[in-house]
Amino acid sequence: MNTPIVETTAANATNDSAEAVIRIENLRHQYGERVALNGVSFTVNRAEIFGLLGPNGSGKTTLFRILSTLMLPSSGRALILDHDVAADPDGVRRQIGVVFQSRSIDVKLTAEENLIHVGHLYGIKGPVLLERVKEMLGRVSLGDRAKERAETFSGGMQRRLELAKGLLHRPQVLLLDEPTTGLDPGARMDLWQYLRLLRDQEGVTVIVTTHLMEEAEKCDRLAILSHGNLVGLGTPAQLKSEIGGDVILFDAREPQKLAEEITARFALAATVLDDGRVRVEREAGHRFVTDVVEAFPGQIDAVSVSKPTLEDVFIRRTGHRFWNEDAQAQAEREAATAKKKKH
Ligand code: ADP
Ligand code: MG
């Protein structure tokens with residue numbers, strides 16, 4: 001997309017007086033016995049890009065379906081611009097644009113035909129609709145491809161058409177479920193640049209779900225989900241600042257023993273991760289590493305010292321890694337099925 005680069009302002013991240021556009025109050029959802037959302041509450045302010053970060057199966061799509069009025073919650077409430085998703089779904093639908101994880105455009109139709117079709121669903125007609133379609137295609141840099149079938153488009157272009165579709169009725173709130181899945185890095189950057197443009201120039205509130213840390217870093221604020229629970233809420237910087245100093249990982253022959261010895265000797269929490277490494281949070285990590293290696297000669301095979309990431313926040317809040325093997329396997333299965341569907 002040929003949109004200009006827009007500076008992200010910190011003001012969006014910490015605007016305390018900002019009005020809440022979305023209110024989620026103690027939201028619960030169960031599929032039969034399985035609890036997918038376990039009493040989640042937070043608010044989203046006007047003109048912020050708000051991320052829902054969580055591994056596969058954490059409840060992101062469930063929350064997304066409830067907000068987009070496709071599904072009723074088991075209990076609790078969700079309000080978008082004061083419309084209750086359960087009591088007033090039509091009111092909600094007028095305010096939101098939705099971009100689903102799976103493809104919703106008709107690839108046999110041209111870009112223009114796809115949007116005209118959507119316009120009719122919203123009751124927009126005639127010259128007004130044609131003008132709107134032209135404007136939207138121009139905005140997502142598909143103006144010169146209006147008369148071509150969507151099947152001739154790249155993945156990034158198809159996503160942009162999805163976006164134009166979600167924006168056609170000028171919603172104040174845009175909901176996107178894992179919007180960059182399957183996009184190459186260039187197309188990802190374009191999409192993010194466009195979301196910032198919507199936020200900054202039109203005051204659109206954006207909710208985006210993701211399982212990618214680098215994408216979560218780009219959000220103004222984040223809600224972190226794990227097994228249907230809200231385990232973190234704040235700006236990426238706020239969330240990371242709760243971890244004092246550095247994160248140190250030790251590879252050891254006997255991780256459990258090393259963790260206990262570090263705790264006993266240095267009076268700090270040392271945890272053994274799913275992958276067998278011993279993890280410690282500590283100021284001046286490089287100096288601490290020397291102390292540990294000297295204190296326990298021959299026990300440590302390798303060491304790494306790094307600045308905290310959002311994954312560290314997740315580990316601290318949940319006690320386990322973001323990607324355990326189950327989640328990884330599930331993600332790979334889903335990617336494989338998605339690929340098959342395309343062919
Ligand atoms: P995410 O989008 O974060 O991957 P989901 O909201 O899709 O998470 O899933 C949350 C939990 O609910 C998972 O345990 C998932 O297996 C389960 N789940 C999702 N959809 C259904 C469904 N239609 N029927 C039964 N269980 C479901
Ligand atoms: Mg999902």
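A brief structural summary. For clarity, every value in this text was computed on a predicted model and none was experimentally measured.

### What about unusual backbone geometry?
With glycine set apart, most residues show a phi of negative sign, and most peptide bonds adopt trans.
Here is step 1: In this structure, Ser-141 is a non-glycine residue whose phi angle is positive, near 55 degrees.
Here is step 2: Inspection of the secondary structure assignment puts Ser-141 in the loop between α4 (126–139) and α5 (155–167).
Here is step 3: Of note, Ala-267 is a non-glycine position whose phi angle comes to about 55 degrees, a positive value.
Here is step 4: Following the sequence through the fold, Ala-267 ends up in the loop between α9 (255–266) and β12 (270–272).
Here is step 5: Assessed through its relative accessible area of 70%, Ala-267 is described here as exposed.

### So, the site of ligand 1
Here is step 1: Inspection of the region around ligand 1 gives Tyr-31, Arg-34, Ala-36, Pro-55, Asn-56, Gly-57, Ser-58, Gly-59, Lys-60, Thr-61, Thr-62 and Arg-65 as its neighbouring residues.
Here is step 2: Contact distances for ligand 1 include 3.2 Å between an oxygen atom and a backbone N or O atom of Ser-58.
Here is step 3: A distance of 2.8 Å separates an oxygen atom of ligand 1 from a polar atom in the side chain of Thr-61.
Here is step 4: Protein contact buries 67% of the 560 Å² of open area that ligand 1 shows by itself.
Here is step 5: Top element by residues in the shell around ligand 1 is helix α1 (residues 60–67). It accounts for four residues.
Here is step 6: For the shell around ligand 1, the residue count by class is three nonpolar, six polar and three charged.

### Digging into helix α3 (residues 111–121)
Here is step 1: Ala-111, Asn-114, Leu-115, Val-118 and Gly-119 are the residues of α3 that are buried. Considered in projection along α3, the buried side chains sweep an arc of 135 degrees and stay on one side of the axis.
Here is step 2: Turning to α3, the residues buried within the fold contact α4 and α5.
Here is step 3: Gly-123 lies just past α3 and shows a positive phi near 75 degrees.

### Focus on the sheet that holds strand β11 (residues 246–252)
Here is step 1: Taken together, the four strands give an open sheet; going across it, the order is β12-β13-β11-β14, and neighbouring strands pair in antiparallel fashion. Of all strands in the sheet, those with a lone pairing partner are β12 and β14 (300–306), marking the two edges. Neighbour to neighbour, the strand axes of the sheet diverge by 20 degrees on average, direction disregarded.
Here is step 2: In the sheet, β12 pairs with strand β13 (residues 278–282) via three bridges, with the strands oriented antiparallel. Following the sheet pairing, Val-272 is matched in β13 by Val-278.
Here is step 3: Strands in contact with helix α10 (residues 285–295) are β11, β13 and β14; relative to β14, the strand with the most contacts, it is inclined by about 165 degrees.

Criteria and thresholds
Residues numbered from 1 in each chain as written. Chains lettered and ligands numbered in written order. Predicted model: local features only at pLDDT ≥ 70, side-chain atom pairs only at ≥ 80, totals over all residues. Heavy atoms only, no water. Helix = DSSP H or I, 4+ residues; strand = E, 2+ residues; numbered from the N terminus. Buried < 20%, exposed > 50% of the residue type's maximum accessible area, 1.4 Å probe, protein only. Near = heavy atom within 4 Å. Polar contact = N/O pair within 3.5 Å; in protein donor to acceptor, adjacent residues only side chain to side chain. Areas by Shrake-Rupley, 256 points an atom, 1.4 Å probe, with all protein chains shown as cover. Nonpolar A, V, L, I, M, F, W, Y, C, P; charged D, E, K, R; others polar. Arc of directions from axis to C-beta. Contact = heavy atoms within 4.5 Å. Pairing = 2+ DSSP bridges. Axes fitted to C-alpha atoms, helices over the stretch in contact; angles between N-to-C directions.

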